Amino acid sequence: MSDTSVKPDAVQMKETIPLWIAITITVLLSVPFTLWLGEWNMAVWVSFIVWAEYFALGAKPSAAKTILPAFGYSALLTGLSLALIPYLDFLPSIHTPGDLAVMVALVIGVGFMVYSMRWAKVFQDGSLPFFNGISMVLAVYFTGSYPPIVDGAAAAVWAAVWVVVLGAFGVLLALFNLWITFPRAVPAD
C-alpha cells in the first residue's frame, strides 16, 4: 500500500549572515559596555555566560522564560546570603579573618536555595542558569566587579542586583545575535 497523502512542502530556516559572523558582531558591540562606562563598566563575561545558557536551552525566546526567573532568583538569594556575613562576624576565624562567617552564610544560603529548587519547575528546568546565578554573584561580589555605590551588607545585595541586570543583558545579546543572522525560510532539501 503506498502513501498517497499530500505532504506540505517542508521548509527550513537558513541564516543570511552566518552565525559565526553574527557572534563576532555581537561581541564587538558588547565590548564598549565593559570598557567605556567607568565605574559602571559591565562584567560582560556574566552576560556571555547567560548568552551561552540561551543557546544551551534551545536558542528560542521561550528559553528566556526559564533563564530569567531561575538565574534571578538564585542570584538575589545569593546576594542576601552574602549580606549575612557582617552579622556572623562573631564567629571565630579558621585561617583568615571572617572566613568562617563567609562559609556559614553560604552554607545556609546555598543549602536553602538548592532545597527550594523543588518548589518550582522553572528552577529544575533551569538548573544551569540557577547554579550560574549563584556562581556569578560570588564571582562579581568577591572580585568587586560591580559599581561601588553602597557598602557593607548592602553591597552584597547590590552586587546581586547588578548580576541580574547583566544576566538580562545576556539574554538581549542572545536575541540580538540570532536576529542579526536574518533567518529566512527556504525549501527543505
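Above: the structure in question.
Residues numbered from 1 in each chain as written. Predicted model: local features only at pLDDT ≥ 70, side-chain atom pairs only at ≥ 80, totals over all residues. Heavy atoms only, no water.

Draft legend 1. Local environment of the overall build of the protein. What the protein contains, in helices and strands, is seven helices and two strands. Seen in sequence order, the protein has helices and strands lined up from the N terminus as β-α-α-α-α-α-α-α-β. Taken over the C-alpha trace, the protein has a radius of gyration of 21 Å; the compact-globule value for 189 residues is 16 Å, which it surpasses by more than 25%. With respect to the principal axes defined by its C-alpha atoms, the protein has extents near 80 × 45 × 25 Å. (Helix = DSSP H or I, 4+ residues; strand = E, 2+ residues; numbered from the N terminus. Rg over C-alpha atoms; globule rule 2.2 N^0.38 Å.)

Draft legend 2. Local environment of the pattern of salt bridges. For the coordinates displayed, the defined rule picks out one salt bridge. The shortest N-O distance in the salt bridge between Lys 121 and Asp 125 comes to 3.0 Å. Of this pair, Lys 121 and Asp 125 both sit in helix α5 (residues 121–125), four residues apart, roughly one helical turn. For Lys 121, a relative accessible area of 56% corresponds to the exposed category. (Salt bridge = Lys/Arg side-chain N within 4 Å of Asp/Glu carboxyl O. Buried < 20%, exposed > 50% of the residue type's maximum accessible area, 1.4 Å probe, protein only.)

Draft legend 3. Up close: the packing of aromatic side chains. The tally for this structure, following the rule as stated, stands at 16 aromatic pairs. Relative to Trp 162, the ring of Trp 40 lies with its centre 5.6 Å away and its plane at 70°, an arrangement referred to as edge-to-face. Of this pair, Trp 40 sits in the loop between α1 (19–35) and α2 (44–56) while Trp 162 sits in helix α7 (residues 153–179); the two residues are 122 residues apart in sequence, bridging distant segments of the chain. Given the relative accessible area of 36%, Trp 40 is considered partly exposed. Under the relative-accessibility criterion, Trp 162 is labelled buried at 6%. Look at Trp 158 and Trp 162: their rings are 5.9 Å apart centre to centre, the planes differ by 40°, and that puts the pair in the tilted class. One end of the pair, Trp 158, and the other, Trp 162, are both in helix α7, four residues apart, so they sit about a helical turn from each other. Accessibility expressed as a relative area gives 17% for Trp 158, which makes it buried. One aromatic cluster is present, formed by Tyr 73, Phe 123, Phe 130 and Phe 131 through successive ring pairs. (Phe/Tyr/Trp six-rings, centres within 6.5 Å; stacked < 30°, edge-to-face > 60°.)

Draft legend 4. A look at the environment of Gly 133. Secondary-structure assignment places Gly 133 in helix α6 (residues 127–143). C-alpha of Gly 133 to C-alpha of Ala 155: the two residues are 22 residues apart in sequence and 17 Å apart in space.

Draft legend 5. Spotlight on unusual backbone geometry. One non-glycine residue, Ala 59, adopts positive backbone phi at about 55°. Mapped onto the elements, Ala 59 comes out in the loop between α2 and α3 (62–83).

Draft legend 6. Here's a closer look at the nonpolar core. If you look at the biggest cluster of nonpolar residues, it comprises 36 residues, and the most contacted ones within it are Val 46, Tyr 146 and Val 163. Elements that contribute at least two residues to this core include exactly α2, α3, α4 (99–116), α6 and α7. Ignoring sequence-local partners within four residues, the contact set of Val 163 consists of Val 46, Phe 71, Ala 75, Met 136, Val 137 and Val 140. Among the nonpolar cores identified, the runner-up in size contains eight residues, and Ala 70, Met 113, Ala 120 and Ile 134 belong to it. (Core = buried A, V, L, I, M, F, W, Y, C linked by side-chain atoms within 4.5 Å. Contact = heavy atoms within 4.5 Å.)

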